[in-house]
Structures are given as C-alpha cells and as structure tokens.
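# Overview (structure and organization)
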Protein chains: 2
Amino acid sequence: MSHPTAPTVDVVGIGNALVDVISHESPETVASLGAVPGSMTLVEEDRSVELYAAMGPAVETSGGSAANTMVGVASFGGSSHYVGRVRDDQLGRVFAHDLRSVGVGYSTLPAPDGPATGTCLIMVTPDGQRTMHTCLGASSLFGPDDVDPDVVRSGAVVYLEGYLFDRPEAQAAFAAASEVAHEAGRTVALTLSDSFCVERHRDAFLDLVEGHIDLLFANEAEICALYRVDDVDAAVDHVRGHCRIAAITRSEAGSVVVTADEVVAVGAEPVERVVDTTGAGDLYAAGFLVGLARGRDLATCARLGSLAASEVISHVGPRPEASLAALAAAAGIPTAG
Amino acid sequence: MSHPTAPTVDVVGIGNALVDVISHESPETVASLGAVPGSMTLVEEDRSVELYAAMGPAVETSGGSAANTMVGVASFGGSSHYVGRVRDDQLGRVFAHDLRSVGVGYSTLPAPDGPATGTCLIMVTPDGQRTMHTCLGASSLFGPDDVDPDVVRSGAVVYLEGYLFDRPEAQAAFAAASEVAHEAGRTVALTLSDSFCVERHRDAFLDLVEGHIDLLFANEAEICALYRVDDVDAAVDHVRGHCRIAAITRSEAGSVVVTADEVVAVGAEPVERVVDTTGAGDLYAAGFLVGLARGRDLATCARLGSLAASEVISHVGPRPEASLAALAAAAGIPTAG
C-alpha cells in the first residue's frame, strides 16, 4: 500500500446474513425429519417450507454466524462492521435493525429483487443442542461485488465464516477480501463453522488455512475433519505450522490456543444450565477477537471467548442478552473503554 | 335457527392479527419516546418505523390478543379457531404457522396486496411491564367480509377483543359475528383490552356490554373506565345487571367473577419473578374460556385463568411455553381429554 492507514474498527465480519427461526423440538421429531443432530444442512426453499410446517411455534431473531460474532464484539465494547446480503423485505429490515441497534456498522445494500432474506430453521432439543437447516435466500447471491474494499481495510481483523464456502461466488468474495486485508496489513481470521461444511470443501479450506489465514477458529470435529485425523493432538500437530494462531474449542473442556511455539489451554466458564448451544462458537470468536484487537495475551483472549460462549448458551438465541463488557469487567478483564 | 347444530370447537376468537416485536428497554427510553407505560397506542407506519429504529435488538413472535387466547385454549387441550387478517408476506406466514403448529384452526385467507402484516412493537421494562405500539397493517382492513358465519357458529363461545373497536369496519364485523353467534345459541364474550381503547369508544362498548355480551373480561382500569368510576366495587355494581358474567382481573390480587347473584374472588397464582406481563389478560381469558366450555364452575374457571396468566408472565412473549394442560393437571384441575 502506498498510503497505509490505521484500522478504524476492531473487527470486520463477512458471512451469510440469516434470520433464525427457533423452536423447541423433541429428539424424536428431529430424527423423524431426517436431520443430523448438531449439524447445519443447506436446503432449498421448498424443503425449508416443508421443515417449517413440521416445526412447532417459533421465535424469529437475527442470526448468521459472523453477524452474531460482530454483535458479540460490540457487546464487549469493541467496534465492528458486518458485510452480508439480505433482501429489502421484512426479515431483511429485522436483520439490519438488530445489527445497527447495538452499534454494529452495516452498509451492505439490501437487494431490491431476487430471493427473500435467508433463514436458518433451528430446532433446539432439551439437551440444548441445535440442529439447523439454512435456506440462503438473498445470501445465495453474495459475491465479490458485495464486498467494499474500504470496509475491509477499516478492520484490524477481517473475520470470515466457513459457511461461505458452500458457494463459489462467496469463496471468491472471501479471497478478494482476504487479499485486500493482507495488502493493508490486516489480520485475516477464519472459522471452519461446521464439520460437514469442511468435508464438502476440504481442499479449499486446506489451501486457505495453509496459505492465507492468520487466525483459525475450529472445534474438535472441524479441525479433525480438516486434517482427516481422529484426535485433536494429531490435528494440533498439523495446524501449528500452517497458521499463526489456531483457537480450538472443546465444548465443556474449554479451548486450546496453538501457535508455532506454544499451546495454551483455557477452561470453559461454568454454566448453570445449557439451554441452547446456538452461537457458542460465534461468541467464543467474539471474545477472542476483542482480546486480540486490544492486544491481550492469548490466554486472556481465550478466557474472553469462554466468557461470551457461556453467556450465549445459557438462554435461547444466538446473541448475548447481557452486556459482555460488564461480564468481562466482573471477571477482572475489562475490555470496554 | 331452523337447523341448530352443536358447536364443534370450544372457542372461536376474532381479533387483530399481529406479530410482536419485543425488546428490553429502560423506563427512561420508554419515556423519551413519549410513550405511556403499560398502554397500547395505535400508530401509522412512519411512526412505527421511527419507534423501531429507536428500539434495541428484538425478537419477533406471533401475538395478537385474541390469537394468544386461542393458543392458550389449545395448550389447555381445548379446541379453538382464530379469525384475523394478515398479508401474504413473511410475517403473515409466521403468524399462520404459529397458530396451526399448535393446532389452532385458522382459515382467514391472507391478503394478496395492501398493507403488510400488522406488528406490535413491545418495549418490556425491567419490572415486567410492557408498552405497546401497534401498526395494524393488513388488519386495518379487517371487516365483515373476513368473518365466515360457519366458523362463528362452530364455536361454543365466540370471543372478541376490544382492540377491534378502534375501527368501524372491525366493529361491524364484530356486530355481525355476534348476531350469527346468538342466533346459533352460542355464548358471546368480549375483552375490553385496554383502558385507553375503552376511553376512545366508551359508548360503543357500553352499548355492547349492556345489550349483546354474555361474558365480559376486563381489568380494573378498563371496567372503571367503562363506567367512569374510581373503584372496582362501584364498577361491579354497574356491570352485574348488564351481562351474565363479568370476570375482572386484578393483577397480583387475582380476579373477581361477578354474576347477577354471586361474586367469586380467586387469588393469583404465585410467580417467582414477573419477566414480561404481555399476554397476562389474554391467557387468563384462555383458562376461563376452557373452563366455561367444559362446564366448570366459575371459581374453577377463574383458577384456570390465573394458572395460565402466571405461566405467561414468567417468561418473555405472549404465548405459553409450557403445556397448560399439564399445569392444570398438576394443580388438580385437569382440562384435557
């Protein structure tokens, strides 16, 4: 860059813009619908309509993995901006409102025509596990044109969700954003999102992780799927040479942060009752990214991640209901101000 | 009627079909928006957009006073049918889904054009009180043509919400439904809905209560507004000659049921913490109506009402999250089966 500039926000997130439709269902209902518990399945509109008809009464709330993370960053007192595509319809207005109302920047123009705003049907079972069926809708047309290079350059970290990898145009958008970010000296982060998504696009993910990513988020199933190994230790051996930092989440066992020369393990925050695990990974990333953008050490980043994840799994819905800045301050690791 | 037939469902409800948009706000925010805490205000679309922009992140969930009551009846194991007007849009489909998924009959055709499905912006303060701004949308065109006489005749009780009285065409629809119901030998019930609504349409309400209603639901503020008196005892003296049964709810003091020759007082069910009072009156009516349709005495009807109200105020949202049939069975007053 001939005129390098300092970032103006902590994190820019790019992902599939979705409104979540959340219902409580029995494991038997989930099974009878042919769904894989805990997974995310992409579906066309007719299948989405069919599944919705089989679901019980639901609540609608804004979601989208990277969008949830940007809301988490804002809740910690950090600054964030989101890039993702909705339609100019009722759910699209809901999506934009819920970002802007918590201070997340959002400037992607809503599509005036084409598919409706995307939805994610989420069936939550009594054990708190969520099974998701996503109809991408307007987000299925997300591509390089939706990514404003100035927005990408504005973030200290650019954060991408792996779910984008289900479509070539979205992959291209990610590649373009990644290039712009690196040219501007920014950190590029990726979350693998879903082990089935990794299975579907393993080569593309491997290429990215090995050549273009500074910071990788994954859970155990995802990182093992990426390297086709059975245990996390083997996956750690693989990943450590390939990207600067890998943060591997392990549910109630906390997380492990891996760099070329250290492995930092941090426990999970205790939770009285797991109500809905939707958003756990998204919010872990939020805490980690805020810590990183504010220059904290990796153990502190991971603790902030655990703190945010514990909040979001204690209630229904993928976004924090309490101020994460206040929770962090109470835990002795203030992030705001 | 030359061919009187037995009712096929317990209750048919007629009301404004609305999707609720619920956010948590401070009392200061509510005041700064010029809203009257605890009230329902009708607003045009531009004011609704302005208020929404000022609200924090929200969840969307199906609402509408009489619709909530019909869902409550179904949750008790009763049968119910709803009549109300939505547009053929995203929120309209959400509204219809949430009724049908719990077994409430709903056959009103969605409007193919005109205003969007109505919304009710609900700001919940930390004390659990809700302040509502309703943009009627598609429901603003609700009129006599939307009421199928066969549907009205199908209910043992026809239940009308007072909110309908804000528009002459809806009043006309109510009058028509009331006439059909009485001709078929059905019971006609009305809830006054809101003291400000009563103030706006006092003469129309008085005419109804004194000449056309068998069962009246009201809270203290509403019944006092109807008779322009300051205390409930005075209101009770007024109402007892005018309609067969009046059920007056008194928040944490329970309810009083008044007939020509008796006054039955029933306490409220204890609630650990009041989270959101939205739907309290709607669900009281559900319990009462189920009891009535199943031939229970008035004290039992009131207890079922208290039970349902206590469930709905213990969580966010205007519809039951637990099975009311199970709660009633646990309380020794089974309603299902």
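That block above? That's the structure.
### Focus on the sheet that holds strand β11 (residues 215-219) of chain A
All names here are of chain A.
- Strand order across the open sheet formed by 9 strands is β6-β5-β1-β9-β10-β11-β12-β13-β14, with mixed pairing between neighbours. Bordering the open sheet on either side are β6 (105-106) and β14 (263-266), each of which pairs with just one other strand.
- Here strand β1 (residues 9-14) runs beside strand β9 (residues 155-161); their pairing, made up of 5 bridges, is parallel. Pairing of Val12 across the sheet is with Val158, part of β9.
- In this fold helix α3 (residues 65-75) packs onto β1, β5 (80-83), β9 and β10 (187-191), with an angle of close to 165° to the strand it touches most, β1.

### Remarks on the sheet that holds strand β14 (residues 263-266) of chain B
All names here are of chain B.
- Pairing is mixed in the open sheet, where 9 strands are placed in the order β6-β5-β1-β9-β10-β11-β12-β13-β14. Looking at strand neighbours, the two that pair on one side only are β6 (105-106) and β14, the edges of this open sheet.
- Direction of pairing for strand β5 (residues 80-83) relative to β6: parallel, over a ladder of 2 bridges. Bridging from a neighbouring strand, His81 pairs with Gly105 of β6.
- Contacts from helix α9 (residues 220-227) reach β11 (215-219) and β12 (245-249), with the element oriented near 110° to β11.

### Describing the environment of B:Asp233
- Its place among the elements puts B:Asp233 in helix α10 (residues 232-239).
- What makes B:Asp233 exposed here is the crowd of 10 C-beta atoms within 10 Å.

### What to know about unusual backbone geometry
- A positive phi is found at A:Ser251, a non-glycine position, where the angle reads about 55°.
- The residue A:Ser251 is located in the loop between β12 (245-249) and β13 (255-258) in this model.
- Judged by local crowding, A:Ser251 falls into the partly exposed class, with 16 C-beta atoms found within 10 Å.
- The backbone phi angle of B:Arg228 is positive, close to 50°, even though this residue is not glycine.
- Residue placement: B:Arg228 occurs in the loop between α9 and α10.

### Notes on the pairing of β1(A)
Residue and element names in this part refer to chain A.
- Within β1, 6 of the 6 residues are buried, leaving the element largely enclosed by the surrounding structure.
- Relative to β5, β1 is paired through 4 bridges, and the arrangement is parallel. Paired with Val11 across the bridge in β5 is Ser80.

### Points about the pairing of β5(B)
- Because side chains alternate across β5(B), one face comprises the buried residues B:Ser80 and B:Tyr82, and the other comprises B:His81 and B:Val83, equally buried.
- In the classification by handedness, the crossover that spans β5(B), the intervening helix α4 (residues 90-100) of chain B and the parallel β6(B) is right-handed.

### Some details on the nonpolar core
- Counting residues in each nonpolar core, the largest one holds 220 residues, and the members touching the most others are A:Leu289 and B:Leu289.
- Leaving out residues up to four positions away in the same chain, A:Leu289 has contacts with A:Val11, A:Val73, A:Val157, A:Tyr159 and A:Ala189.

### A look at the packing of helix α9 (residues 220-227) of chain A against helix α10 (residues 232-239) of chain A
Residue and element names in this part refer to chain A.
- Relative to each other, α9 and α10 sit at 60°, their axes nearing to 9 Å. Considering the angle they form, α9 stands oblique to α10. Relative to α10, the crossing made by α9 is left-handed. Of α10, the residues touching α9 (which contributes Glu220, Ile223, Cys224 and Tyr227) are Val232, Ala234, Ala235, His238 and Val239.
- For the contact of α9 with α10, the class distribution of residues is 7 nonpolar, 1 polar and 1 charged.

### Overview of the relation of the copies chain B and chain A
- With an RMSD of 0.0 Å, the fit of chain B onto chain A corresponds to turning through 180° and sliding 0.0 Å along the axis. Such a turn and shift between the copies fits a two-fold axis. Relative to the rotation axis, the closest C-alpha in chain B is found at B:Glu60, a distance of 2.4 Å.
- When the interface residues of chain B are mapped onto chain A, 100% of them again fall at the interface, so both copies present the same face.

### A closer look at the interface of chain B and chain A
- On the chain A side, the residues contacting the 19 residues of chain B number 19 residues.
- Contributions of two or more residues to the side of chain B that touches chain A are made by β4 (59-62) and α4 of chain B.
- Among the elements that line the side of chain B that touches chain A, the one with the most residues is α4(B), at 5 residues.
- Counted by class, the side of chain B that touches chain A contains 9 nonpolar, 6 polar and 4 charged residues.

### Regarding helix α4 (residues 90-100) of chain A
- For α4(A), a buried count of 9 out of 11 residues is recorded, marking the element as mostly surrounded by other parts of the structure.
- Residues A:Gln90, A:Leu91, A:Gly92, A:Val94, A:Phe95, A:Ala96, A:His97, A:Asp98 and A:Leu99 constitute the buried set of α4(A).

What counts as what
Residues numbered from 1 in each chain as written. Chains lettered and ligands numbered in written order. Predicted model: local features only at pLDDT ≥ 70, side-chain atom pairs only at ≥ 80, totals over all residues. Pairing = 2+ DSSP bridges. Helix = DSSP H or I, 4+ residues; strand = E, 2+ residues; numbered from the N terminus. Contact = placed C-beta atoms within 7 Å. Axes fitted to C-alpha atoms, helices over the stretch in contact; angles between N-to-C directions. Buried ≥ 20, exposed ≤ 12 C-beta atoms within 10 Å, placed from the backbone. Right-handed = clockwise from strand over helix to strand, strands pointing away. Core = buried A, V, L, I, M, F, W, Y, C linked by C-beta atoms within 7 Å. Parallel < 35°, antiparallel > 145°, perpendicular 65-115°, else oblique. Left-handed = near helix turned anticlockwise from the far one by under 90°. Nonpolar A, V, L, I, M, F, W, Y, C, P; charged D, E, K, R; others polar. Least-squares fit on C-alpha atoms with pLDDT ≥ 70 in both.

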